[in-house]
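Coordinate inspection notes
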Amino acid sequence: MKVTSVSRYKGTTFQVELDDSRRLYLHIDIITDYSIKAGMELEHDELKKIVYASNFRRAYQRSLHLLDYRDYSSAEMFDKLIENYKSEPLCRAVLKKLTESGLISDERYAERLARKLVESKKFGYRRAKREIMQKGISEFLADDALEPYSEMFGENLMELLRTKHCRSLTDKDDRKAVDKVRNALVRYGYD
C-alpha cells in the first residue's frame, strides 16, 4: 500500500490517506515514530503495527483521562476500555503499562475503598467486603484491606444503634420494630 497524502486534521491529529481510499487518523507521535510521509510504501504487517500503536496510544490516553477523575481497579478500567476498544489484548497491554507505572494498584484501591465504606458509610464487614469484591478486587485483597478496621466494626454498630435506630428501639416488647432494626443492620453487613 502506498501513502498518498499526510495532512493535518485537528490539533495534533493527522489524516493519512492510502491508495486504496482508506483514511487513518494518527497522532503526530505515531507519524514521527514510524516516519510516515506521502509516497511511502507500507507492507500489510507494518500497517497493522501502526494501527495497533495508534489504538494503544488512544486507549492509554483515555485511561489517563479517566484516572484524572477517580481511582479505578484493574477490572473496572478493563471494562471501561473494552467498551471503546473491542480488542482484549490491546486493553490488557494498556492495563499492564498502567500497573507497571503504578497508576493502577488494586491494593491501594481496595484500601481507599475500605476506608470509605467503614469510616464514612459505617458498613459492616460482610457488606464492605462484598462492595469491594464487586469492584473486581480479589477476596484476599478485600480481606487485607478490611483487616485494620476490625475493631471499628463494633464501634460503628453501636453508633448506628445510637444515632439512626435509637427511636425504633424504645419499646423492647415491640417485636416488629426490633425485627426492622435487625434487618436494617443485616443489610449494613452486620451479623
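The structure we're discussing is the one just above.
Residues numbered from 1 in each chain as written. Predicted model: local features only at pLDDT ≥ 70, side-chain atom pairs only at ≥ 80, totals over all residues. Heavy atoms only, no water.

**A look at the layout of surface pockets**
Volume-wise, the largest pocket comes out at about 160 Å³. In this structure, the largest pocket is lined by Asp71, Tyr109, Arg112, Leu113, Lys116, Leu117, Lys121, Glu131 and Lys135. A per-element tally of the lining of the largest pocket places helix α5 (residues 106-120) first, with five residues. Among the residues making up the lining of the largest pocket, the classes are represented as three nonpolar, no polar and six charged. (1 Å grid on protein atoms, 1.4 Å probe; cavity = no way out; pocket = protein on both sides within 12 Å on 5 of 7 lines; lining within 4 Å. Points joined across faces, edges and corners; volume = space filled by probe spheres on them. Helix = DSSP H or I, 4+ residues; strand = E, 2+ residues; numbered from the N terminus. Nonpolar A, V, L, I, M, F, W, Y, C, P; charged D, E, K, R; others polar.)

**With respect to the sheet that holds strand β2 (residues 13-18)**
Taking strand neighbours across the sheet as the criterion, the three strands line up as β1-β2-β3 in an open arrangement whose pairing is antiparallel. Either end of the sheet is taken by a strand with one partner, and the two such strands are β1 (3-10) and β3 (23-27). For this sheet the average axis-to-axis angle between neighbouring strands, irrespective of direction, equals 25°. Bridge count for β1 against β2 is six bridges, and the pairing is antiparallel. By the bridge assignment, Ser7 is partnered in β2 with Gln15. Seen against the sheet, helix α2 (residues 44-69) touches β2 and β3 and runs at an angle of roughly 50° to β3. (Pairing = 2+ DSSP bridges. Axes fitted to C-alpha atoms, helices over the stretch in contact; angles between N-to-C directions. Contact = heavy atoms within 4.5 Å.)

**A word on unusual backbone geometry**
The phi dihedral of Ser21 is positive, around 65°, even though this residue is not glycine. Here Ser21 lies in the loop between β2 and β3. A positive phi is found at Ser35, a non-glycine position, where the angle reads about 50°. Residue position: Ser35 is located in the loop between α1 (28-33) and α2. When its relative accessible area of 44% is taken as the criterion, Ser35 is described as partly exposed. (Buried < 20%, exposed > 50% of the residue type's maximum accessible area, 1.4 Å probe, protein only.)

**Some details on a negative patch on the surface**
Together, Asp19, Glu41, Glu43 and Asp45 line one region of the surface with negative charge. Secondary-structure assignment places Asp45 in helix α2. On the accessibility criterion, Asp45 (54% relative accessible area) is exposed. (Patch = residues over 30% accessible without salt bridge, like charges linked within 9 Å, V, L, I, M, F, W, Y side chains within 5 Å. Areas by Shrake-Rupley, 256 points an atom, 1.4 Å probe, with all protein chains shown as cover. Salt bridge = Lys/Arg side-chain N within 4 Å of Asp/Glu carboxyl O. Lys, Arg positive; Asp, Glu negative; His and termini not counted. Charge placed at Lys NZ, Arg CZ, Asp CG, Glu CD.)

**A look at the packing of α5 against helix α6 (residues 125-134)**
Closest axis-to-axis distance for the α5/α6 pair is 10 Å, and the angle between their directions is 140°. Relative to α6, the crossing made by α5 is right-handed. Contacts from Ala110, Leu113, Ala114, Leu117 and Val118 in α5 reach Ala128, Glu131 and Ile132 in α6. (Left-handed = near helix turned anticlockwise from the far one by under 90°.)

**Here's the deal with the pattern of salt bridges**
Taken as a whole and assessed by the stated rule, the structure comprises 13 salt bridges. In this structure, the salt-bridge partner of Asp191 is Arg126, at a minimum N-O distance of 3.2 Å. Here Asp191, found in the segment after α9 (175-187), pairs with Arg126, found in helix α6; they are 65 residues apart in sequence, far enough to count as distant. The exposed category is assigned to Asp191, whose relative accessible area is 79%. We classify Arg126 as exposed; its relative accessible area is 54%. Connected through shared salt-bridge partners, Arg70, Glu76 and Lys135 make up one network.

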